[in-house]
Amino acid sequence: MPPIPSELKVGKKINEGKTKEVYELPSLPGCVLMQSKDQITAGNAARKDLMEGKAAISNATTSCVFQLIQESGIKTAFVRKHSNTAFIAAHCEMIPIEWVCRRIATGSFLKRNPGVKEGYRFYPPKIELFYKDDAANDPQWSEEQLIAAKFRFAGLEIGQTEVDIMAHSTQAIFEILEKAWQPQNCTLVDLKVEFGVHITTKEIVLADVIDNDSWRLWPSGDRKQQKDKQSYRDLKEVTPEALLMVKRNFEWVAERVELLLKPQTQGRVVVLMGSPSDVGHCEKIKKACGNYGIPCELRVTSAHKGPDETLRIKAEYEGDGVPTVFVAVAGRSNGLGPVMSGNTAYPVVNCPPLSAEWGAQDVWSSLRLPSGLGCSTVLSPEGAAQFAAQILGLNNHFVWAKLRANMLNVWISLKQADKKMRECT
């Protein structure tokens, strides 16, 4: 993508929705400007009101949410925030489907499924799709209907593979945001997203916006404290006082959504190598940790030749309160991992650099341990880093988001490879 000029020349309007406008950017080919409006609507605009400041609130919310999702590794159309009320996005041909992911049954789901009580929890989250047609009140569609429509956008036909990619992506995006809201003691009840086909790469990407119109958000899991657009939908009468209450809810969300970009805890991985000759193996672990945004330190110590120094180094990292995973890298007879495991309550992972000649024998010193020791063994440096990330991700939604996005991207790559193989054969 070309550098973004300091002053953008805004071209003609190419699309307009109920709460936003889309403009060409002649100075930035392949991109558009997404301009929010000071308008709030409900019931396909059956109710519509001006809410001064909503454009800025919505833009701030969307920009933070897309930044979090994009940094996790999921492809989006978002490029960057441009102004208080607009952001730059890659130009996409939009797929006219709203994908909804639900953790808790409420709202329209209850009307369409009589007998289900509000508050019923879905495990895994329930995915639904709705065709965007205001005149028909956005009817619910099945995946089979979407495939039968044979839509084509930016040269890409929407078939089974593309539908599966959008369904899996919707669930992953929901779970990432659900995890991100948990430290704020907020329950993400459901989420609506849309996808488009990138006109340049021909890939399906998360597009449109994700703001306070896009989800239900219940602080402390309490519907009575709802802070999303449902507070506007539920108004019996729209008065200036009622609109002010709704605006304050939106501002509350916009303020806290910025906290989603700030991890509550910062963990680290400490790699202990028994010899500096193992540094190449350890550097692979460090590089893989970097992919998850985890700081990684390398230390040299031998539990056989200097156990006192090994335990002193261990104590350095136990004393500062930073969540830590130790990775022990020791060839031949691995005393490092077991000694560490027997002397710390922190998790220890063995990642021995096995040789072709003696690996089958040496690995037993990492696998066959005395009772009372709980260190695991992962042979791959990248796998050891991933295992450490899974531990730290339990209390760090940034790390967890990268792990979840990586799962999705691996699944998508396999799905696309299978499609290509079937087309070739």
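Help me understand the pairing of strand E10 (residues 121-131), please; the structure alone is not making it clear to me.
Moving residue by residue along a regular strand, the side chains alternate between the two faces of the sheet. Sheet topology note: the strand E9 (residues 97-104)/E10 ladder contains 7 bridges and is antiparallel. Note that in E10 the partner of Glu98 across the bridge is Phe130. Relative to strand E11 (residues 140-141), E10 is paired through 2 bridges, and the arrangement is antiparallel. Residue Leu129 lies in a different strand from E11, and its bridge partner there is Trp141.

Help me understand helix H6 (residues 240-257) in this model?
Think of an α-helix as 3.6 residues a turn; residues three or four steps apart then line up on the same face. Look at H6: 26 Å from first C-alpha to last across 18 residues, which is about the 26 Å you get at 1.5 Å a residue. Along H6, the positions that sit buried rather than exposed are Ala242, Leu243, Val246, Asn249, Phe250, Trp252, Val253, Ala254 and Val257.

Hey, could you run me through the packing of aromatic side chains in this one?
Given two aromatic rings, one states the distance between the centres and the angle between the planes to describe the pair. Under the definition given, this model contains 12 aromatic pairs. Their ring planes at 80 degrees and their centres at 5.1 Å tell us that Phe109 and Phe122 sit as a pair that is edge-to-face. In this pair, Phe109 is assigned in helix H2 (residues 108-112) and Phe122 in strand E10, connecting sequence segments 13 residues apart. The class of Phe109 is buried, set by a relative accessible area of 5%. For Phe122, a relative accessible area of 7% gives the class buried. Centre to centre, the rings of Tyr131 and Phe151 are 6.3 Å apart; their planes meet at 15 degrees, and the pair counts as stacked. Here the residue Tyr131 occupies a position in strand E10, and Phe151 occupies one in the loop between helix H3 (143-148) and strand E12 (152-153), the gap between them amounting to 20 residues. Feature note: the residues Tyr131, Trp141, Phe151 and Phe153 constitute an aromatic cluster, connected by ring pairs. One residue, Arg47, lies across the ring of Tyr232, its end atom 5.5 Å from the ring centre. Positioned above the aromatic ring of Trp252, the side-chain terminus of Lys227 is 5.3 Å from the ring centre.

I'm lost on the packing of helix H1 (residues 54-72) against helix H13 (residues 397-424) in this one. Help?
The geometry of a pair of packed helices is captured by two quantities: the angle between their axes and the separation between those axes. Remark: H1 packs on H13, axes separated minimally by 8 Å, with the N-to-C direction vectors making an angle of 60 degrees. Taken as axis vectors, H1 and H13 run oblique relative to one another. Contact residues: Leu68, Glu71 and Ser72 in H1; His397, Phe398, Ala401, Lys402 and Ala405 in H13. Taken together, the residues of the contact of H1 with H13 break down into 4 nonpolar, 2 polar and 2 charged.

What should I look at first to understand the sheet that holds strand E3 (residues 31-36) in this one?
Adjacent strands of a sheet form backbone hydrogen bonds with each other and so pair up, either parallel or antiparallel. Spatially, E1-E2-E3-E7-E6 is the arrangement adopted by the 5 strands of the open sheet, whose pairing is antiparallel. Lying at the two open borders of the sheet, with one neighbouring strand each, are strand E1 (13-16) and strand E6 (78-81). The mean inter-strand angle of the sheet, taken between neighbouring strand axes irrespective of direction, is 25 degrees. Two elements, strand E2 (residues 20-24) and E3, share 5 bridges in a ladder whose sense is antiparallel. Within E3, the position partnered with Tyr23 by the bridge is Leu33. Along the sheet, H1 contacts E3, E6 and strand E7 (86-90); its crossing angle with E6, the most-contacted strand, is approximately 130 degrees.

Here is what the cut-offs are and how they apply
- Starting afresh in each chain, residues are numbered from 1 along the sequence in its written order.
- Predicted model: local features are reported for residues with pLDDT of at least 70 only, side-chain atom pairs are reported and counted for 80 or more only, and whole-chain, interface and lining totals are derived from all residues.
- Side-chain measures were taken over the full set of non-hydrogen atoms in the model, leaving aside hydrogen atoms and water.
- At least two DSSP bridges between two strands are required for those strands to pair.
- The helix count covers DSSP runs of H or I at least four residues long, the strand count covers runs of E at least two residues long, and both are numbered beginning at the N terminus.
- In a helix, the anticipated span is given by 1.5 Å times the number of residues less one.
- Relative accessible area decides the class of each residue, using a 1.4 Å probe on protein chains only: under 20% of the type maximum gives buried, over 50% gives exposed, and in between gives partly exposed.
- Pairing of aromatic rings covers Phe, Tyr and the six-membered ring of Trp, with a centre-to-centre limit of 6.5 Å; geometry is then stacked below 30 degrees between planes, edge-to-face above 60, and tilted otherwise.
- We call a charge positioned over a ring when the NZ of a Lys or the CZ of an Arg lies within 6 Å of the ring centre and within 35 degrees of the ring normal.
- Lines are fitted to the C-alpha atoms to define the axes, a helix being fitted only along its stretch in contact, and any angle between axes, read from their N-to-C directions, falls within 0 to 180 degrees.
- These descriptions rest on fixed angle ranges, namely under 35 degrees for roughly parallel, over 145 for roughly antiparallel, 65 to 115 for roughly perpendicular, and the rest for oblique.
- Only heavy atoms matter for contacts: two residues are in contact if any of them lie within 4.5 Å across the pair.
- We call Asp, Glu, Lys and Arg charged. Ala, Val, Leu, Ile, Met, Phe, Trp, Tyr, Cys and Pro are nonpolar, and the rest, Gly among them, are polar.

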